[in-house]
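Listed here are the chains, written in short residue letters.
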Amino acid sequence: MSKVAMDVPAKGGFSFDLCKRNAMLAKDGVQLPPFRKTGTTIVGLIFQDGVILGADTRATEGPIVADKNCEKIHYLAPNIYCCGAGTAADTEAVTDMVSSQLNLHRYHTGRQSRVVTALTYLKKHLFSYQGHVSAALVLGGVDFTGPHLHTIYPHGSTDTLPFATMGSGSLAAMAIFESKYKEGLTREEGIQLVTEAICSGIFNDLGSGSNVDICVITKDNKEYLRNHLQPNPRTYVSPKQYSFTKKTEVLLTKITPLKEKVEVIQAGDAMEE
Amino acid sequence: MELNSAKPGLLCSLEASQSQRTMYPYVTGTSVVALKYKDGILMAADMGGSYGSTLRYKSVERMKPIGKHCLIGASGEISDFQEVLRYLDELTLNDKMCDDGNSLGPKEIHSYLTRVMYNRRNKFDPLWNSLVLGGVKNGQTYLGMVTMIGVNFEDNHIATGFGNHLARPILRDEWREDLSFEDGVKLLEKCMRVLLYRDRSAVNKLQIANITEEGVTISQPYSLRTFWGFSAFINPTPGAQ
């Protein structure tokens, strides 16, 4: 009887087994390692021909900038992209997983993916994990029914909006959107507004910084403008490059090619077992 | 009985001090936004007093003139703001009684308020406000802010409460020296509109106060126009039908 109870894992959903242990450890003063969060500004807006998504490129680990130029706009389908805020691992994993699911679905149906399909996959997954998968997403894309823009919160609720912001810099970016957005923007106006909103997040929020990434999705086309704007360049770069002080003497320069030290085994043997 | 009489002073004073501390704010006002312009200071605040999550009072004047040269605006606990006004009344009255032809300017009042707020915070009995102090004296415009823990600074544009997150990015982007009166009002209204959309404790009834060398004028209350006609609001999921 006891043997059987141990074997079968619970089907689907989050396994809360270790939560009690974690709570006990926390009481004894053991701290969880800090997650790599994307303290972030991500935005999206609908313009006359489609959707524009924007994101900053800073990933933070507590007070430290872990990645100065990370990619927060994730691919879901040829016509659907998703910006992610929250825990970096969670946003990466969730968008990767839904991207594969959408791919399989496309093979099954033989049609272009719809944005609401991606939305449903994402919200189902996030809801089943009750908010523990800390991913806040701005999902945008264009399918045959038109352009769509949605926000998805870590607990699984979604909104459909004409313009949206998420992340720690969302208030700064939303201030720009609320004061300047109108329907029927052209492509240039849309990109300009998104850049302004992300810059507002970069300069007014400590969790966001570095560069601006933009992704423009229209009915037949998508453009991923990586590092569209770089408003934080390194201002001082020494023109002389790094040079050794005069007292250091280079004694010997010898190049040892490493290829000779590697033995090439017959391909095919190891794998066939 | 014996216990009480043994240490009467200690017990009574402890209770007395507990009952007079501000532990949490009850009736609060939301953000105040202010900026310097060509002729002086423009300040905007809505007229809402929230009791927790209820919008209870809708005609609270959160901006008041002080003396001849100053304008004070407050966010946070309304009763503490009324106390601050009483302190300032005493201060200006005593100054008037000196009758030396000099009146307190904005810098002096700002300094006084900083001392008051910081000392109360050190006694763990803060005045739960963020005060915005603006004024013009002898041609010099001054705009500053004091928070409930005593943080004080002077700047070209100020925002308290939610305005810190929503209005400050707009002001940083669009404020410039020598704004005209109309441009200043437009900029303030832009900030107040965003706050109205995105701050749950905001009310659509605001006043704009103007202080110049000539004096203070606080406008009549009025409302901002809002726009809700986005097609995504009318039909959120056209693709899902």
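Residues numbered from 1 in each chain as written. Chains lettered and ligands numbered in written order. Predicted model: local features only at pLDDT ≥ 70, side-chain atom pairs only at ≥ 80, totals over all residues. Heavy atoms only, no water.

J.: Could you give me a rundown of the overall build of chain B, with the residues and numbers involved?
T.: Counting secondary structure elements, chain B contains seven helices and 13 strands. The dimensions of chain B, computed from C-alpha atoms along their principal axes, are 80 × 60 × 25 Å. Looking at the 241 residues of chain B, the share that counts as buried comes to 46%. Of all intrachain contacts in chain B linking residues separated by at least 6 positions in sequence, the fraction that spans at least 24 positions is 63%. (Helix = DSSP H or I, 4+ residues; strand = E, 2+ residues; numbered from the N terminus. Buried < 20%, exposed > 50% of the residue type's maximum accessible area, 1.4 Å probe, protein only. Contact = heavy atoms within 4.5 Å.)

J.: For the pattern of salt bridges, give the residues involved together with the corresponding values.
T.: All chains considered together, the criterion is met by 17 salt bridges over all chains. Among the salt bridges present, the one from R198 of chain B reaches E178 of chain A, with a minimum N-O distance of 2.8 Å. Taken together, the residues span two chains, with R198 of chain B in helix α6 (residues 181–198) and E178 of chain A in helix α5 (residues 170–180). Of the charged contacts in the structure, one is a salt bridge between D125 of chain B and R120 of chain B, with a shortest N-O distance of 3.4 Å. Residue R120 of chain B is classed as buried on the basis of its relative accessible area of 15%. (Salt bridge = Lys/Arg side-chain N within 4 Å of Asp/Glu carboxyl O.)

J.: Just give me the short version of the interface of chain A and chain B, but keep the residues and values in it.
T.: It is common to give the size of an interface as the accessible area lost on bringing the parts into contact. At the interface, 22 residues of chain A touch 22 residues of chain B. With both sides pooled, the region where chain A packs onto chain B buries about 1,800 Å², and carbon together with sulfur makes up 66% of that total. It is L171, E178 and E183 of chain A in chain A that bury the most area against chain B; as a group they hold 28% of the surface buried on that side. Across the contact surface, chain A and chain B share two salt bridges. Sorting elements by how many residues they give to the side of chain A that touches chain B places α5 of chain A first, with eight residues. Residue classes in the side of chain A that touches chain B are distributed as eleven nonpolar, six polar and five charged. (Buried area = accessible area lost by both parts, 1.4 Å probe. Nonpolar A, V, L, I, M, F, W, Y, C, P; charged D, E, K, R; others polar.)

J.: An account of the side chain of T195 of chain A is needed here, citing residue identities and associated values.
T.: Residues and elements named next belong to chain A. Counting through the fold element by element, T195 comes out in helix α6 (residues 187–204). Take T195: its relative accessible area is 9%, and that puts it in the buried class. With sequence-adjacent residues up to four places away left out, T195 is seen in contact with V212, I214, H228 and L229.

J.: Let's hear about the sheet that holds strand β12 (residues 212–218) of chain A: which residues, and what values?
T.: Residues and elements named next belong to chain A. In spatial order, the strands read β11-β2-β3-β12-β13; together these five strands make up an open sheet with antiparallel pairing. Each of the sheet's edge strands pairs with one partner strand only, and the pair in question is β11 (163–166) and β13 (222–229). Going across the sheet, the axis of each strand differs from the next one's by a mean of 15 degrees, ignoring polarity. Two elements, strand β2 (residues 42–47) and β11, share four bridges in a ladder whose sense is antiparallel. Looking across to β11, one finds that I42 is bridged to M166. Of the strands in this sheet, β2 and β11 are in contact with α5, which crosses β11 at around 165 degrees. Sheet strands touched by α6: β2, β3 (50–56), β12 and β13. Its angle to β3, the strand with the most contacts, is close to 25 degrees. (Pairing = 2+ DSSP bridges. Axes fitted to C-alpha atoms, helices over the stretch in contact; angles between N-to-C directions.)

J.: Go over the confidence of the model for chain B, please, and point to the residues and values.
T.: All names here are of chain B. Of the residues in chain B, 90% have a pLDDT of 70 or more, and the chain-wide mean is 89. Within the model, the stretch residues 1–15 combines pLDDT values under 50 with one contact to residues more than four positions away or in other chains. Scoring the predicted complex yields pTM 0.78 and, for the interface, ipTM 0.77. (pLDDT = per-residue confidence, 0-100.)

J.: Pulling in residues and values, what's your account of the nonpolar core?
T.: Judged by nonpolar contacts, the single largest core of 39 residues is most densely connected at L45, I52, L53, F177, Y181 and V194 of chain A. If you list the elements that add at least two residues to this core, you get β2, β3, β7 (80–87), β8 (135–143), β11, α5, α6 and β12 of chain A. In terms of residue count, α6 of chain A provides more of this core than any other element does, seven residues in total. The residues contacting L45 of chain A, other than those within four sequence positions of it, are G50, V51, I52, L149, P162, F163, F177, Y181, L185, G190, L193 and V194 of chain A. Grouped together as the second largest cluster of nonpolar side chains are 23 residues, A175 of chain A together with L171, W175 and L187 of chain B included. (Core = buried A, V, L, I, M, F, W, Y, C linked by side-chain atoms within 4.5 Å.)

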